[in-house]
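A structural walkthrough
What follows is each chain in one-letter form.
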Amino acid sequence: MSGRANIYPELHVRSPREQAWELFRKNTLGMIGLWGLGLLSLLTLLAPWLAPYAPYEQFSQALLMPPSWADEGNIDFFLGTDDLGRDMLSRLVFGARLTFGNAVLVVLVALLAGGCIGIVGGMSKGFKASILNHFLDTLLSIPSLLLAIIFVAILGPGLFNTLIAITLALTPQFTRAIYNAVSDEMQKEYITALRLDGGTRWRILRFGVLPNLSDTIVSQTTRGLSAAILDITAVGFLGLGAQPPRPEWGAMLSDAMDLVYLAPWTVTLPGLAILLSVLVVNMVGEGLRQAINEVMD
Amino acid sequence: MLRYLLRRLGLLLTTLLVLTLVAYLLEFKLLEDAQSDFMTGYLAFLQQLLAGDFGISSATGLPVLGAIGQYFPATLELCLAAFTISLLVGVPTGTLAALRQGRWQDTLILTGTLIGYSVPVFWLGLLLVMFFSLHLGWLPVSGQLSLLFEIEQVTGIMTIDTLLADSQYRWPAFLDAVRHLILPALVLAIVPTTEVIRQTRSALLEVLKQNYIRAALTKGFSETQVILRHGLRNAFPMAIPTLGLQFGTVLTSAIMTEIVFDWPGLGRWLVSSIALQDYAAIKGGTLAIATFTIVASSAVEVLSTLIYPARRRAIYVRQG
C-alpha cells in the first residue's frame, strides 16, 4: 500500500492472495522453482535467438563430440553433439519449445475446456450433474498417459495428434477439479444470499464463484503442466509422438537409446532437461499449495 | 452395505461399458465403410467380447486373447514386485517424515519425493542400466531370464516358474530371474513409493493430532508402541484408497519400464502393436490394461470399505 497515503487510521487487512504470496516468497524451494520456470519460459520464447546453431544443422567433422568439459570436448559445442553431428545445446533449446511450450498450450486448452464444463456442471443439479459425475469418474480411473496412448492409437502417431490426445486426456482432470470447487462453492451461505437477493446465474457465477476458484485453478494448472510434460515426452519416447528429426526431448531420448554406451550424454541431457522442467513446475505448485493451505487455515 | 456394493458394481459396469464403447469406436474408425449402423454394430461387438472373442491379431495371426494371457503375467509380476518395494520403503519413510515433521529429516524426505515424482520413468531406467549394468556389470541389461535357462511357462511369472521347474538348475534360474527383476522393479517402484510416503505422512499427521494418541501416550506407552498400534493402524484406512488409484499409474509406468528393459509384458506388446497398426491387438491390449486398472482400483476401494468400520460409517452418512 505504498504511494497512497492511508488517511484512515485503520489496519490494512491483507487479502488472502497477498498473504499467500507473502508465504510463498518465504518458501525457498518455491522461489527457486519460480525463477526456474521464468527462465524456462524465456528459453521457450527466445529459442531461435539463444540457440547457437539451428537444430537440424549437421557438423560432419564433429560427430559424437562429448560435452565441452570432457577432455575431447570442444567449447564450440558446449553440450557436445549427437551421432549426426548436431549440436546438443541447440537441439535442447529448440526442444524446450516442442516439449515445454506445447505442454503449456495443452494445459491452457484443457483448462479452458475443462473449466467451462466444470462450471456448467457444478452450477447445475440433479440428473445432468450426476451423469457428468459418473462419466468423469470413469475417465479419471484411466490414467492420463494410458488415455493419451489410446487416443494416439486411434488418431495415429505424430506430434499434433499427441497434443490433441493429451489435451483430451487432461481435460477430465481439470473438469473434475473445477466441478468439485464450484459445487463446494455453491453450498456456501454467501451464494444463498446472492440468490436470495435475486442474482441471476451469471451474477452468482461472476461475483460469488469465480473469485474463489483461483486456488483450484492455480494448483490444478501446475499439476496438469507437470503431467503434460511427462506425457508428451513419454509418448515421444514410445515413438508415437514427435518423430525423430524433431528435437522433442522424449523423441531425442528414444533416438539416442542405442548410443547409451557410446555417448551417454545424448541420453542423460534430454532426460535432465525433462526432469528439471517437471521439477521446477512441481516446486512452484507445491509451494503455492502450501501457501494457500496455510492462508486457508 | 448391500446398497453400497450394488452402487459400486453398477459404477464398475458402466465404466467398463464406456470402455468398450471407446474400443468399438476404434474399430468403427477402422472399418471406414461401416456397412451396418452404429448401434447394431456395437451390440454385436459386445456379444463378441462377452464370448471371449477379442479378434485375431493381424501381425501374428493368432487370437488376441491368447496373447494377452501370455504377456499379462510378466506385467503382473513386475507390478507386484514394484508395489511390494514401494510399501516396504514407503511406509517406514513416511512414518519417519511424519514423526520429524518440520525438521531436516522431513524436509529431506519431502524434497526426495518431489524429485521422485518429477523424474521421467524411462530416463531413470536408462540411467540405472547405464550405471549398474553397463558400468558396474552387476545386473543384466534387459529381459526376464538369461537365455541359458530353458524354463517351461506355467504361470508366466518367471520367479515362480523357475521354482516350479523340474530341473537341477532350478535354484540358479530363480536367482537369475530375481536379478533380472531388480532393476525394472526398482524403476517402476519410484512413483508409487513417493505416493506411499506422502500418503502415509499426511494420514499419520492427521491421526497423531487425535486425542486417543495423546491418551495412549499419557498412559505411559512408548512412542513406538503408540505409533504401531494406534497411529499406523488408523492411518492406513485413510491412505489405502488413494493408493488403490496408483494401480493405474503403475500400470502405465510399466509400459515405459517394459520398453526400456525389454520386458516381455503387456505394455511392450501394446506399443509394438501400435507401431504395427495391429488394431485387434491394440483394442484387446488397451481393453485389458484399462479393465485391470479399473477393477483393481474398485476392488481396493470396496475392500477398504469392508474392512474398516469408520469408512463404512462415512458412506452411510453421505447417503443420508
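Quick summary incoming for the structure in this document. Numbering of residues starts from 1 in each chain and follows the order in which that chain's sequence is written. The order in which chains are written sets their letters, starting at A; the order in which ligands are written sets their numbers, starting at 1. In keeping with the model being predicted, local features are shown solely for residues with a pLDDT of at least 70 and side-chain atom pairs are shown and tallied solely at 80 or more, while totals for entire chains, interfaces and linings include all residues.

**Overview of the overall build of chain B**
Regarding its fold elements, chain B presents 13 helices and zero strands. Strands here mean DSSP runs of E at least two residues long; helices mean DSSP runs of H or I at least four residues long; both are numbered from the N terminus. Tracing chain B from N to C terminus, the helices and strands come up as α-α-α-α-α-α-α-α-α-α-α-α-α. Considered along the principal axes of its C-alpha atoms, chain B spans approximately 75 × 60 × 40 Å. By residue count, 38% of the 320 residues in chain B fall in the buried class. Burial is judged by counting other C-beta atoms within 10 Å of a residue's own C-beta: 20 or more means buried, 12 or fewer means exposed, and anything between counts as partly exposed, with every C-beta placed from the backbone.

**Re the overall build of chain A**
Along its length, chain A carries twelve helices and zero strands. Counting only C-alpha atoms and orienting by the principal axes, one finds that chain A spans roughly 75 × 55 × 30 Å. Contact between residues is assigned whenever the C-beta positions, reconstructed from backbone atoms, fall within 7 Å. In chain A, the proportion of contacts linking residues at least 24 apart, taken out of those at least 6 apart, comes to 69%.

**Description of the environment of Leu 99 of chain B**
Within the element layout of this structure, Leu 99 of chain B appears in helix α3 (residues 64–99). Since 17 C-beta atoms lie within 10 Å of it, Leu 99 of chain B is described here as partly exposed.

**Focus: the interface of chain A and chain B**
A common way to state how big an interface is: give the accessible area lost once the parts meet. Taken together, the contact between chain A and chain B spans 33 residues of the former and 33 residues of the latter. Those elements giving two or more residues to the side of chain A that touches chain B turn out to be α5 (127–140), α6 (144–155), α10 (214–237) and α12 (265–296) of chain A. Among the elements that take part in the side of chain A that touches chain B, α12 of chain A stands out by supplying nine residues, more than any other.

**Some details on the environment of Leu 64 of chain A**
Residues and elements named next belong to chain A. Within the element layout of this structure, Leu 64 appears in the loop between α3 (47–50) and α4 (88–123). Separated by 22 residues in sequence, Leu 64 and Arg 86 have C-alpha atoms that sit 8.6 Å apart. Beyond its immediate chain neighbours, meaning those up to four positions away, Leu 64 contacts Thr 81, Asp 82, Asp 83, Leu 262 and Ala 263.

**Regarding helix α7 (residues 159–186) of chain A**
All names here are of chain A. Across its 28 residues, α7 extends 40 Å between first and last C-alpha, which sits within 8% of the 40 Å expected from 1.5 Å per residue. Its axis deflected by about 25° at Leu 170, α7 carries its strongest bend there, up to four residues before the proline Pro 172. Across the 28 residues that make up α7, a large majority, 20, are buried. Multiply 1.5 Å by the residue count of a helix minus one, and that product is the helix's expected span. In this scheme, the bend at a residue equals the angle between the axes fitted to the seven residues that finish there and the seven that begin there.

**Notes on the nonpolar core**
Counting 144 residues, the largest nonpolar core has Ala 148, Ala 228 and Ile 229 of chain A together with Phe 122 of chain B as the members making the most contacts within it. The element contributing the most residues to this core is α12 of chain A, with 15 residues. When residues no more than four places from it in sequence are discounted, the contact partners of Phe 122 of chain B are Ala 234, Phe 237 and Leu 253 of chain A together with Met 256, Ile 259 and Val 260 of chain B. When buried Ala, Val, Leu, Ile, Met, Phe, Trp, Tyr and Cys residues are joined through C-beta atoms within 7 Å, the set is termed a nonpolar core. In terms of nonpolar packing, the next biggest core, distinct from the first, is built from 14 residues, Leu 204, Val 207, Ala 235 and Leu 243 of chain B among them.

**A short note on unusual backbone geometry**
Residue and element names in this part refer to chain B. In this model, Asp 262 sits at a positive phi of 55°, which is unusual for a non-glycine residue. Checked against the element boundaries, Asp 262 lands in the loop between α10 (246–261) and α11 (266–276). Residue Asp 262 is classed as partly exposed on the basis of its 13 C-beta neighbours within 10 Å.

**Concerning the packing of α4 of chain A against α7 of chain A**
All names here are of chain A. Note on geometry: axes are lines fitted to C-alpha atoms, helical ones only across the stretch in contact, with angles between N-to-C directions running from 0 to 180 degrees. Two elements in contact, α4 and α7, have axes whose closest approach is 6 Å; the angle formed by their N-to-C orientations is 40°. Taken together, α4 and α7 sit at an angle that is classed as oblique. Relative to α7, α4 is oriented so that their crossing is right-handed. Under the grouping applied here, Gly and all other residues not named as nonpolar or charged are polar, the nonpolar ones being Ala, Val, Leu, Ile, Met, Phe, Trp, Tyr, Cys and Pro and the charged ones Asp, Glu, Lys and Arg. Classifying every residue of the contact of α4 with α7 gives 17 nonpolar, ten polar and no charged. Angles are sorted into four bins: roughly parallel if under 35 degrees, roughly antiparallel if over 145, roughly perpendicular if 65 to 115, and oblique for all others. Definitions for this section: a left-handed crossing has its near helix turned counterclockwise from the far helix by less than a right angle. A right-handed crossing has that turn clockwise.

**Section: the packing of helix α5 (residues 121–135) of chain B against α10 of chain B**
Axis angle and axis distance: for two packed helices, these are the angle between their axes and the distance between the axes, and together they describe the pair. Residue and element names in this part refer to chain B. Their axes nearest at 9 Å, the elements α5 and α10 cross at an angle of 30°. With respect to α10, the axis of α5 lies roughly parallel. Note that α5 runs across α10; the crossing there is right-handed. Between α5 and α10, the residues in contact are Val 121, Phe 122, Gly 125 and Leu 126 and Ser 253, Met 256, Thr 257, Ile 259, Val 260 and Phe 261, respectively. A breakdown of the residues in the contact of α5 with α10 according to their chemical character gives seven nonpolar, three polar and no charged.

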